[in-house]
Amino acid sequence: MSTQAPAPTRREQILKEAARLFAERGFHGVGVDEIGAAVGISGPGLYRHFAGKEAMLAELLVGISGRLLAGGKQRAAEASERERDPAAVLDSLVRSHIDFALDDRPLIILHDRELDRLRDTDRKLVRSLQRQYVELWVQVVREVHPRLAEPEARVCVHAVFGLLNSTPHLSRPGTLPGRAAAAELLHRLALGAFSAAADGGAPDAGGEAGSEARSEAASGA
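Everything numeric here is computed off the predicted structure, so don't read it as measured data. (Residues numbered from 1 in each chain as written. Predicted model: local features only at pLDDT ≥ 70, side-chain atom pairs only at ≥ 80, totals over all residues. Heavy atoms only, no water.)

*Asks:* I tried to follow the packing of aromatic side chains on my own but got confused; where do I start?
*Replies:* Remark: the centre distance and the inter-plane angle together describe each pair of aromatic rings, the angle taken between the planes. For the coordinates displayed, the defined rule picks out five aromatic pairs. Seen from their ring centres, Phe22 and Phe27 are 5.1 Å apart, and the 55 degrees between their planes marks the pair as tilted. Taken together, the ring pairs in this structure connect Tyr133, Trp137, Phe161 and Phe194 into an aromatic cluster. The positively charged end of Arg11 is found above the aromatic ring belonging to Phe50, 4.1 Å away from the centroid. Against the face of Phe27 rests Lys53, its NZ or CZ located 4.4 Å from the ring centre. (Phe/Tyr/Trp six-rings, centres within 6.5 Å; stacked < 30°, edge-to-face > 60°. Lys NZ or Arg CZ within 6 Å of the ring centre and 35° of its normal.)

Written out as structure tokens, the structure is:
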């Protein structure tokens, strides 16, 4: 039986090229005709699939927020059923988001630059999906690291998202390590951030002995 992924639909091709062009040149710097040319159809032909550029942008940003949430829930459920271990669930969530951060960089750029261009209803939907995604992570993080209070866990989750979503801004294409090496590095950094927060941070360079000496000096002993 073939395991080859199905070919992308024309609609998916349009969205992929629209995301690339919007990310490279900005929403207002790209015309409908250019998006059409990128997928081999006339600009007016795009209107059989989308009402206009605004509809493409909305589907891109709402779509990725929905896919992240659905994918996170699925991975969490599968890992929980398979391993029954919160750490395995968190590991799966981290790897899933790393796949997004490395493979969908134009969408990260679009979210940063163009979210305010969405209609209020679409923007509110994006924010709602994102909040649900954050809370999914917060719940799992607290199961793995029960010492973290809920507000602390939420800050950690947002910080890790910032770390992972920085991939479009790290360097010029071709100067980063290969995809596999970058994924593993991001994986270690993300899990390390949660562990460091739960452990209260590492001791400073002076260690415990240095801390004791400074305490004695401060007290005049």
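*Asks:* Can you walk me through the packing of helix α4 (residues 86-103) against helix α5 (residues 105-114) in this structure?
*Replies:* In helix packing, the relevant descriptors are the interaxial angle and the interaxial distance, both defined with respect to the helix axes. Taken N-terminus to C-terminus, the directions of α4 and α5 make an angle of 85 degrees; their axes are 5 Å apart at the nearest point. The angle between the axes of α4 and α5 places the two elements in the roughly perpendicular class. Contact with α4, carried on its side by Phe100, Ala101, Leu102 and Asp103, involves Arg105, Leu107 and Ile108 of α5 and no other residues of that element. Looking at the contact of α4 with α5 residue by residue, the class counts come to five nonpolar, no polar and two charged. (Axes fitted to C-alpha atoms, helices over the stretch in contact; angles between N-to-C directions. Helix = DSSP H or I, 4+ residues; strand = E, 2+ residues; numbered from the N terminus. Parallel < 35°, antiparallel > 145°, perpendicular 65-115°, else oblique. Contact = heavy atoms within 4.5 Å. Nonpolar A, V, L, I, M, F, W, Y, C, P; charged D, E, K, R; others polar.)

*Asks:* How should helix α2 (residues 32-39) be read in this particular structure?
*Replies:* Owing to its 3.6 residues per turn, the α-helix aligns residues three or four sequence positions apart on the same side. For α2, the full list of buried residues reads Val32, Ile35, Gly36 and Val39. Within α2, the buried residues cover an arc of 100 degrees as seen down the axis, which keeps them to one side. Opposite its buried face, α2 presents the exposed residues Asp33 and Ala37, each directed more than 90 degrees away. Positioned one or two residues after α2, Gly40 has a phi angle of 80 degrees, which is positive. (Buried < 20%, exposed > 50% of the residue type's maximum accessible area, 1.4 Å probe, protein only. Arc of directions from axis to C-beta.)

*Asks:* Would you take a moment to explain the packing of α4 against helix α8 (residues 179-199) for this structure?
*Replies:* Running from amino to carboxyl end, α4 crosses α8 at an angle of 135 degrees, the nearest separation of the two axes being 10 Å. When the axes of α4 and α8 are compared, the pair comes out oblique. Considering the relative orientation of α4 and α8, their crossing is right-handed. On α8, the residues that touch Leu90, Asp91, Val94, Arg95, Ile98, Asp99, Leu102 and Asp103 of α4 are Arg179, Ala182, Ala183, Glu184, Leu186, His187, Ala190, Leu191 and Phe194. Here the residues of the contact of α4 with α8 sort into ten nonpolar, one polar and six charged. (Left-handed = near helix turned anticlockwise from the far one by under 90°.)

*Asks:* What am I meant to see in the pattern of salt bridges here?
*Replies:* It is possible for side chains of opposite charge to pair when their charged atoms get near one another. With the rule as written, the count across this model stands at 15 salt bridges. The salt bridge involving Glu34 is made with Arg25; its shortest N-O contact spans 2.3 Å. Given a relative accessible area of 33%, Glu34 falls into the partly exposed group. When the shortest N-O distance is used, the salt bridge between Asp99 and Arg179 registers 3.1 Å. Of this pair, Asp99 sits in helix α4 while Arg179 sits in helix α8, placing them 80 residues apart in sequence. (Salt bridge = Lys/Arg side-chain N within 4 Å of Asp/Glu carboxyl O.)

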